[in-house]
Amino acid sequence: MGLMSQPIRRTEDKRFITGRGRYVDDVKMEGAAIGYALRSPYAHARILSIDTEAAKTMPGVIGIIVGSELEAAGIGHLGAAFPASMLKNRDGTPRVDGDRALLTVDYVRYVGEPVAFVVAESQNAAKDAAEQILVDYEELPAVGLIDEAVAPGAPLVWPQAKGNIAVDWEQGDEAATETAFAKAAHITRIDLVNNRVVVNSMEARGAAGRFDKETGHYELFVTSQGAHPIADTIAKRILKIPQERLRVITPDVGGGFGLKMSTFAEYPLVLIASERFGMPVKWMSERTEAFQSDSHGRDLKSHAEMAFDAEGRILAYRVCTDFNLGAYGLGFGPGIQNIIPMFVVGGVYKVPVLHNYVRAVLTNTVPVEAYRGAGRPEAAYIIERIMDLAAREMGLGQDEIRLRNFIQSHEMPYRSYVGALIDSGDFQRNLHDCLKQADWAGFPARRAESEKRGKLRGRGMAYYIEKTAGGASAVDISFTEAGRVEVGVGTSAHGQGHETTFAAIVADKLGVPFESIDLIQGDSIRAPHGGGTGGSRCPCGTAGTAY
Amino acid sequence: MVGTVSVAFSVNGRDVKAKVEPRTLLVTFLRENLGLTGTHVGCDTSQCGACCVLLDGRSVKSCTILAVQADGASVTTIEGLGTPEKLHPMQIAFNENHGLQCGFCTPGMIMSAVDFAQGNAEPTPDQVREWLEGNICRCTGYHNIVASVEAGARAMAKA
Amino acid sequence: MYAFDYHKPHSLAEAAALLEAHPEARLLAGGMTLIPTLKQRLASPTDLVDLGGLADLVGIVVDAGEITIGAMTTHAAVAHSKEIKARLPALAALAEGIGDPQVRHRGTIGGSISNADPAADYPAALVGLGATVITDRREIAADDFFTGMFETALAPGEIVRQVRFPIPLAAGYAKFPNPASRYAVVGAFVARTAAGVRVAVTGAGPSVFRLPEMEAALASSFAPQAIAGIDVPEDDLNRDPHATAAYRAHLVGVMTARAVTTALES
């Protein structure tokens, strides 16, 4: 029996359980200085002036960088991962992402937006100095919540985004949906809030960079979900240098959750600071800082309606969602609630027609980006909640309403209304098995027992289907003279145990010892180009390639 | 004006003497001065427990103690517990029970667990969960961590 | 953290002299609140005077009618004290519910009450039991000790030495903890003594307070049902993202009833 078909102990655990893991804050660079970002205390303000003179004379300060200097040096800006053509307004006009400099020059648009980057001999010295930077702010009206932002006359985050709508988008057929609703025997309506979350990977974000004056090469250690996307962004978009002059290395990573897919301002800043001040520079986020500077997740409000016939079968589905994009459209942010979940909107049910209208709303808050499932759990939450509510309204069981609406196994491959090809699945049997394992029928007795102890007991049921595994990437397998097998991948583990998974696959396929395999990951130069780890793609995409 | 203070303590059985700024945290001293980077910093608020070490045998959060407060004490970090070649029973238990994913909380989790196990050879899952109040994991959902601590406590009692 | 000088006195007198010499100094007990506060740069003392070297301030003495706890005694020591568990289990249980094990290994009763966090647990025990705070200068009744949010009757430079608790006939503590910090969103300490019943509430208001109406009701009938109809006005209660004032007012009744139940079971 091969390794792939049995549980094996993780290779990487040996170093993690003995404190020998190497996370970015553990990277020792001789003579490294510490970077610290001075951040906006205002949700929205105009910057009248920044005076760093007093701060520069503080003990231990090496230098301070402000946005105007980066502009003068031609340093590029951050931006969204989607080209304009991939996601635009439904009337065809371009969306608004805003324009996010590494260090803002004229306006701050959320609490936590970086204004200056202080480099000093220690973090305490950098913080002491940052307190001496005099920033003259003219505070402006701000909007934080979706409802505030879309209210008539609300202050605008970006003047070109009318009503603070960064992009509106739709799928399905509005008129046909309306026609189907007109024939409904029953309509269920629900309003849902999916609140904002701060990602909080256990290891906060961090980066350490150095510039080699002799060779003109940059080296960046960064906690990420993939070295290549960050290397691409920094080389092409920000530093505007040939790719081979930048090596990005991601060592062990203390959790990602989508947060660590993106390039954040502090990563190129440590490289720029290293070049400017002539020493390696490290920046580590503190937890409090993470709340203000990491991208956030979720934050959407939806109104959904489902039309049913007299037997509880779905006739049509209608959703209107506003999601809070924050102050800038960065990374995957603008597409999180529209194009990313577009193929899973109908869930596992036969939905003959639907209309899904989604608006991205700009607010004076931390930008919202990819987070755990990124749009698809949110879509599942909406349809599963409305199915539950409909069941109650129509006097059906939570299981019964689903049984009446599942896509049937004999209908596979099934092309859903939104265009997803569901090639396999037996949802009825799956439900049956699940109810049995959960002892669904035994619930009343369990509830009675709980009540006797003064406890409340509830239960829930939800289905989840996801279009995933996008973006297969290359795998390099090389054999060293020392008899080891090096497996290079463009993905990067942050808890998934890829060193074990990939080694098991390669060992099985090549018939070489499991112990002889080394995974080369998280290195933009040594590993083959890849899109990083995200969207549950590695076991299918990259490991599939290895197989 | 502010100068430095002398500290002398034992870390993983080795005597350490140094002059530090009074505001130096124990975790900073362990990581920066001694290079013991197995002790992690996960928060600013003493809540996450990634920085747990043993101070005179009891688990404490090294991010909430000044290095100078440890003067004269004995400190054990994850590096002093066991090595990849000779693992401590609690380390083995975490490996065998898949009690970790990204590994960032793990050193603190293990140090906390070792302290717990000293007086609990046969813990119940509820006792383990109560004890782990001060250790946050973001990956695993705790189930396997609890199983690891239970197994580790039993193994420590036998060792 | 801002820079500061550090002192470790070996006697109370030396500690008092250091405080006198450095008016912007702060006492460092367990540091479980002070050090995070310093890390956040929310305080900037010129000096820290560490009480960790004063062995006299550590210890638990139980006699016929009283329990005396040294200011530098940790929450863990109180929680695990066999004598306290036997004579005043509500106090041991309260200590066991503070923060988490690592916080309890460092945090001290003297530090907790001197800081007088409105959501701290110990103030409820002190006021609920009618304890006495013994400082290096005088004795202060708990009812007079907590004067406001993070405010006490301690004079500048005054150092808490001990807390003396009378042993009640029965006592109970119940709290609704903040799930992240374990601080009390609302905590109620109930004690039945020969002199009557005391009810002290922490977490709900700017400072710990007593509930005379509930005390009277419980004095005539020491049972959770006795306080069922007593509403607590929400006017002066705390409101924050964790709980509204109305919710806290509701919790006061629930937690007090649970504390009575606990006291009856003890």
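Residues numbered from 1 in each chain as written. Chains lettered and ligands numbered in written order. Predicted model: local features only at pLDDT ≥ 70, side-chain atom pairs only at ≥ 80, totals over all residues.

This paragraph deals with the overall build of chain B. Along chain B, the regular secondary structure elements total five helices and five strands. For 159 residues, the compact-globule estimate of 2.2 N^0.38 gives 15 Å, and the C-alpha radius of gyration of chain B, at 16 Å, lies within 12% of that figure. Taken along its principal axes, the extent of the C-alpha atoms in chain B is 50 × 30 × 25 Å. When each of the 159 residues of chain B is scored for burial, the buried share is 58%. When contacts within chain B are restricted to residue pairs at least 6 apart in sequence, long-range pairs at least 24 apart make up 64% of them. (Helix = DSSP H or I, 4+ residues; strand = E, 2+ residues; numbered from the N terminus. Rg over C-alpha atoms; globule rule 2.2 N^0.38 Å. Buried ≥ 20, exposed ≤ 12 C-beta atoms within 10 Å, placed from the backbone. Contact = placed C-beta atoms within 7 Å.)

A word on the overall build of chain C. In terms of regular secondary structure, chain C is built from eleven helices and 14 strands. Taken over the C-alpha trace, chain C has a radius of gyration of 18 Å; the compact-globule value for 266 residues is 18 Å, and the two agree within 12%. Projected onto its principal axes, the C-alpha coordinates of chain C cover approximately 55 × 45 × 30 Å. Across the 266 residues of chain C, 51% fall into the buried class. Considering only contacts within chain C whose residues lie at least 6 apart along the sequence, 61% involve residues at least 24 apart.

On to the interface of chain A and chain B. Of the residues lining the interface, 26 residues belong to chain A; the matching set on chain B comes to 31 residues. The greatest single-element share of the side of chain A that touches chain B, amounting to four residues, is contributed by helix 1 (residues 13-16) of chain A. Grouping the constituent residues of the side of chain A that touches chain B by class yields five nonpolar, eleven polar and ten charged. (Nonpolar A, V, L, I, M, F, W, Y, C, P; charged D, E, K, R; others polar.)

What follows concerns the nonpolar core. Soluble globular proteins tend to bury their nonpolar side chains together. With 246 residues, the main nonpolar core has Ala116(A), Val118(A), Ala188(C) and Val201(C) as its most contacted residues. If we ignore the near neighbours within four places in the chain, the residues touching Ala116(A) are Leu38(A), Ile50(A), Thr52(A), Ile64(A), Ile65(A), Val66(A), Leu103(A) and Ile133(A). Within the second largest apolar cluster, 31 residues are counted, among which are Met306(A), Ala307(A), Phe308(A) and Ile386(A). (Core = buried A, V, L, I, M, F, W, Y, C linked by C-beta atoms within 7 Å.)

Let's shift gears to the domain arrangement of chain C. Here the domain parsing of chain C yields domain 1 (1-50) and domain 2 (170-265). Put simply, the middle of domain 1 of chain C and the middle of domain 2 of chain C, counted by C-alpha atoms, are 34 Å apart. (Domains from an automatic or database assignment.)

With that settled, consider the domain arrangement of chain B. All names here are of chain B. When its domains are assigned, chain B resolves into domain 1 (5-80) and domain 2 (89-158). Domain 1 puts 15 residues into the contact, and the matching count from domain 2 is eleven residues. At the level of secondary structure, the elements contributing two or more residues to the side of domain 1 that touches domain 2 comprise strand 3 (52-55) and strand 4 (58-61). A per-element tally of the side of domain 1 that touches domain 2 places strand 3 first, with three residues.

What follows deals with the packing of helix 3 (residues 106-117) of chain B against helix 5 (residues 143-158) of chain B. Residues and elements named next belong to chain B. Between helix 3 and helix 5, whose axes approach to 9 Å, the crossing angle comes to 45 degrees. Between helix 3 and helix 5, the crossing angle belongs to the class labelled oblique. Relative to helix 5, helix 3 is oriented so that their crossing is right-handed. In this structure, helix 3 uses Met109, Ala113, Phe116 and Ala117 to contact helix 5, whose residues at the interface are Ile145, Val149, Gly152, Ala153 and Met156. For the contact of helix 3 with helix 5, the per-class residue count stands at eight nonpolar, one polar and no charged. (Axes fitted to C-alpha atoms, helices over the stretch in contact; angles between N-to-C directions. Parallel < 35°, antiparallel > 145°, perpendicular 65-115°, else oblique. Left-handed = near helix turned anticlockwise from the far one by under 90°.)

Residue and element names in this part refer to chain A. Of note, the bond from methionine 412 into proline 413 is cis; its omega dihedral lies within 30 degrees of zero at -10 degrees. Structurally, the position occupied by proline 413 is in the loop between helix 11 (398-405) and strand 16 (414-415). Positive phi is not limited to glycine here, since lysine 240 has a value of about 55 degrees. With respect to the helices and strands, lysine 240 occurs in the loop between helix 7 (227-239) and strand 11 (246-249). Phi at aspartate 299 is positive, roughly 70 degrees, even though this residue is not glycine. You can see aspartate 299 is positioned in strand 13 (residues 296-308).

With that settled, consider the sheet that holds strand 13 (residues 196-202) of chain C. Spatially, 11-12-13-14 (chain C) is the arrangement adopted by the four strands of the open sheet, whose pairing is antiparallel. Each end of this open sheet is capped by a strand with a single partner; those strands are strand 11 (170-177) and strand 14 (209-210) of chain C. (Pairing = 2+ DSSP bridges.)

This part covers the environment of Pro114(A). With respect to the helices and strands, Pro114(A) occurs in strand 5 (residues 114-120). Setting aside residues up to four positions removed in sequence, Pro114(A) forms contacts with Ala37(A), Arg39(A), Leu103(A) and Ala265(A).

Residue and element names in this part refer to chain A. One can describe the packing of helix 14 (residues 498-510) onto helix 15 (residues 538-546) by two numbers: an axis separation of 9 Å at closest approach and a directional angle of 40 degrees. For the element pair helix 14 / helix 15, the angle class is oblique. The crossing of helix 14 and helix 15 is right-handed. Touching His498, Thr501, Phe502, Ile505 and Val506 of helix 14 are Cys538, Pro539, Ala543 and Ala546, all from helix 15. For the contact of helix 14 with helix 15, a count of residues per class yields seven nonpolar, two polar and no charged.

All names here are of chain A. Of the positions making up helix 11, those classed as buried are Ile401, Arg402 and Asn405. All buried residues of helix 11 lie within an arc of 95 degrees about the axis, which places them on one face of the element. Looking at the buried positions of helix 11, the neighbouring elements they touch are strand 14 (314-326), helix 10 (376-394) and helix 12 (427-437). (Arc of directions from axis to C-beta.)

A few words on the sheet that holds strand 20 (residues 517-520) of chain A. Residues and elements named next belong to chain A. The strand order across the open sheet built from three strands is 18-19-20, with neighbouring strands paired in mixed fashion. Only two strands of the sheet have a single neighbouring strand rather than two, namely strand 18 (475-479) and strand 20. In this sheet, adjacent strand axes meet at a mean angle of 20 degrees when their direction is disregarded. Bridge count for strand 18 against strand 19 (residues 485-489) is five bridges, and the pairing is antiparallel. Each residue of the ladder has a partner; that of isoleucine 477, found in strand 19, is valine 487. Here helix 14 sits on the sheet and contacts strand 18, strand 19 and strand 20; the angle it forms with strand 20, its principal contact strand, is near 130 degrees.

Turning our attention to the interface of chain B and chain C. On the chain C side, the residues contacting the 23 residues of chain B number 22 residues. Sorting elements by how many residues they give to the side of chain B that touches chain C places strand 4 of chain B first, with four residues. Among the residues making up the side of chain B that touches chain C, the classes are represented as eight nonpolar, nine polar and six charged.

Attention shifts here to the environment of Thr24(B). All names here are of chain B. Along the chain, threonine 24 falls in the loop between strand 2 (14-20) and helix 1 (26-33). Assessed through the 22 C-beta atoms surrounding it within 10 Å, threonine 24 is described here as buried. Put simply, threonine 24 and leucine 54 are 30 residues apart on the chain and 18 Å apart in space, counted from C-alpha to C-alpha. Look past the residues within four positions of threonine 24 in its chain and what remains in contact with it is Phe29, Leu66 and Ala67.

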